[in-house]
Amino acid sequence: MTLQLAIFYFFSVVLVLSALRVITARNPVHAVLFLVLCFFTASAIWLLLYAEFLAVTLILVYVGAVMVLFLFVVMMLDINFDKLREGFWKHLPLAGGLGLLMALELVLVLGSREFSRAIGPGAPPPGYSNTRELGRVIYTDYVFPFELAAVVLLVAIVAAIALTYRRRKETKYQDPRMQLAATKADRLTIVKDDR
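Residue positions are counted from 1 within each chain, in the order its sequence is given. Residue-level local features of this predicted model are given only where pLDDT is at least 70; pairs of side-chain atoms are given and counted only at 80 or more, and the full residue set underlies all totals for whole chains, interfaces and linings. Values reported for side chains reflect all heavy atoms of the structure, with hydrogen atoms and water molecules removed beforehand.

**Some points on the overall build of the chain**
Only runs of H or I of at least four residues qualify as helices and only runs of E of at least two qualify as strands under DSSP, and these elements are numbered from the N terminus. In terms of helices and strands, the chain carries 10 helices and 0 strands. The linear arrangement of helices and strands in the chain, starting from the amino end, is α-α-α-α-α-α-α-α-α-α. The C-alpha radius of gyration computed for the chain amounts to 27 Å, which surpasses the reference 16 Å derived for 195 residues by more than 25%, pointing to a less compact arrangement than a globule. Reported as C-alpha extents along the three principal axes, the dimensions of the chain are approximately 100 × 45 × 30 Å. Burial classes: relative accessible area under 20% of the type maximum marks a residue as buried, over 50% as exposed, and values in between as partly exposed (1.4 Å probe, protein chains only). Going through the 195 residues of the chain one by one, you find that 10% of them count as buried. Note on contacts: a residue pair is in contact if any heavy atoms of the two residues lie within 4.5 Å. Here the contacts in the chain between residues at least 6 apart in sequence split such that 55% fall between residues at least 24 apart. The protein chains shown are the only cover counted for residues, whose accessible areas, like all others here, come from Shrake-Rupley with a 1.4 Å probe. With an accessible surface of roughly 16900 Å², the chain has 70% of that area assigned to carbon and sulfur atoms. Charge assignment in this entry is limited to Lys and Arg as positive and Asp and Glu as negative, and neither His nor the chain termini are counted. To locate a charge, the coordinates of NZ of Lys, CZ of Arg, CG of Asp or CD of Glu are taken. Charge-centre separation for the chain: the mean point of 19 positive side chains lies 5 Å from the mean point of 14 negative side chains. The globule rule used for comparison is 2.2 Å times the number of residues to the exponent 0.38, while the radius of gyration itself is calculated over C-alpha atoms.

**Focus: the UniProt feature "transmembrane region" (unreviewed entry) in the chain**
UniProt annotation of "transmembrane region" (unreviewed entry) refers to residues 6–24, 31–49, 55–79, 91–111 and 142–165 when read in the numbering used here. Secondary structure over residues 31–49 splits into 95% helix and 0% strand, and the C-alpha atoms at its two ends are 27 Å apart. Note that residues 91–111 is 95% helix and 0% strand, and that its end C-alpha atoms are spaced 30 Å apart. UniProt positions are given in the numbering used here, feature names are shortened, and annotations may be inferred rather than shown by experiment.

**Description of the packing of helix H2 (residues 28–48) against helix H3 (residues 52–76)**
A pair of packed helices is captured by two measures, namely the crossing angle of their axes and the spacing between those axes. To obtain each axis, a line is fitted to C-alpha atoms, and for helices this fit is confined to the stretch in contact; angles are then taken between N-to-C directions over 0 to 180 degrees. Where H2 meets H3, the closest approach of the two axes is 9 Å, and the angle between their N-to-C directions is 175°. As judged from the angle between their axes, H2 and H3 are roughly antiparallel. For the pair H2 and H3, contact is made by Pro 28, Val 29, Val 32, Leu 35, Val 36, Phe 39, Phe 40, Ala 42, Ser 43, Trp 46 and Leu 47 and by Glu 52, Leu 54, Ala 55, Leu 58, Ile 59, Tyr 62, Val 63, Met 67, Leu 71, Val 74 and Met 75, respectively. Its residues assigned to classes, the contact of H2 with H3 shows 20 nonpolar, 1 polar and 1 charged. Should an angle fall under 35 degrees it is called roughly parallel, over 145 degrees roughly antiparallel, and 65 to 115 degrees roughly perpendicular, with every other angle called oblique. Side-chain classes are defined by residue name, with Ala, Val, Leu, Ile, Met, Phe, Trp, Tyr, Cys and Pro counting as nonpolar, Asp, Glu, Lys and Arg as charged, and the others, Gly among them, as polar.

**As for the nonpolar core**
Think of a nonpolar core as a cluster: buried Ala, Val, Leu, Ile, Met, Phe, Trp, Tyr and Cys residues, connected wherever their side-chain atoms sit within 4.5 Å. Of all hydrophobic cores here, the largest spans 7 residues; its members are Val 32, Val 36, Phe 39, Ala 42, Leu 58, Val 63 and Met 67. Broken down by element, this core gets its largest block of residues, 4 residues, from H2. When residues no more than four places from it in sequence are discounted, the contact partners of Val 32 are Met 67, Leu 71 and Val 74.

**What to know about the side chain of Asn 130**
Considering the arrangement of structural elements, one finds Asn 130 in helix H7 (residues 130–141). Overall, the relative accessible area of 16% leaves Asn 130 in the buried class. At a separation of 3.4 Å, a polar atom in the side chain of Asn 130 contacts the side chain of Thr 131. For Asn 130, the contacting residues outside a window of four places in its chain are Tyr 50, Ala 51, Glu 52 and Phe 53. Any pair of nitrogen or oxygen atoms within 3.5 Å is treated as a polar contact; in protein, a donor-acceptor pairing is required on top of that, and neighbouring residues in sequence qualify only through side-chain atoms on both sides.

**Some remarks on a nonpolar patch on the surface**
A residue counts toward a patch only above 30% relative accessible area and without a salt bridge, and it is joined to like-charged neighbours within 9 Å or, for Val, Leu, Ile, Met, Phe, Trp and Tyr, to nonpolar neighbours within 5 Å. A carboxyl oxygen of Asp or Glu within 4 Å of a side-chain nitrogen of Lys or Arg is what we treat as a salt bridge. The grouping of Leu 94, Leu 98, Leu 101, Leu 104 and Leu 108 at the surface amounts to a nonpolar patch, some 510 Å² of accessible area in total. Tracing the backbone through its elements, the reader meets Leu 101 in helix H5 (residues 88–110).

Below you can see the structure in the form of structure tokens.
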């Protein structure tokens, strides 16, 4: 067994165990922190596969932005997690069946001849840039799906802004035009004391 294979197995075991802890952790903050550990170990596995760009992107995008957002949402919202866990055992057979189906698909993909031929024999040649190769593939072979994904994300952002930008009746709003048009006579009322 080579050192690289031993490191791969180490990170794989840590990844699987931390993914299990994401699901089984009782405290949601601990679950988010285990998910951060999952992303770090997945990034280490990407580095072992000579995909430096994907490893750094995983750290920057998911750990740097998405997980910080998840952590703030989990810590800020007062969610009754006991009520959310009430239907766990009812949905366990369906979830277990889907998990077994995904595991079977993964075994079929990993056991196929095409997958064993697709794995390269070690380090890339000198002067090879996986960032350049990834950009070439995305902007030539997959340019239309890439643009479609960008449009879908843009629509999602606009929809999220539209949903949160509605006026609520219970909230008091200030109108600057009415504030500037106010005069002393409108604001001050003199009341005489009849005593």
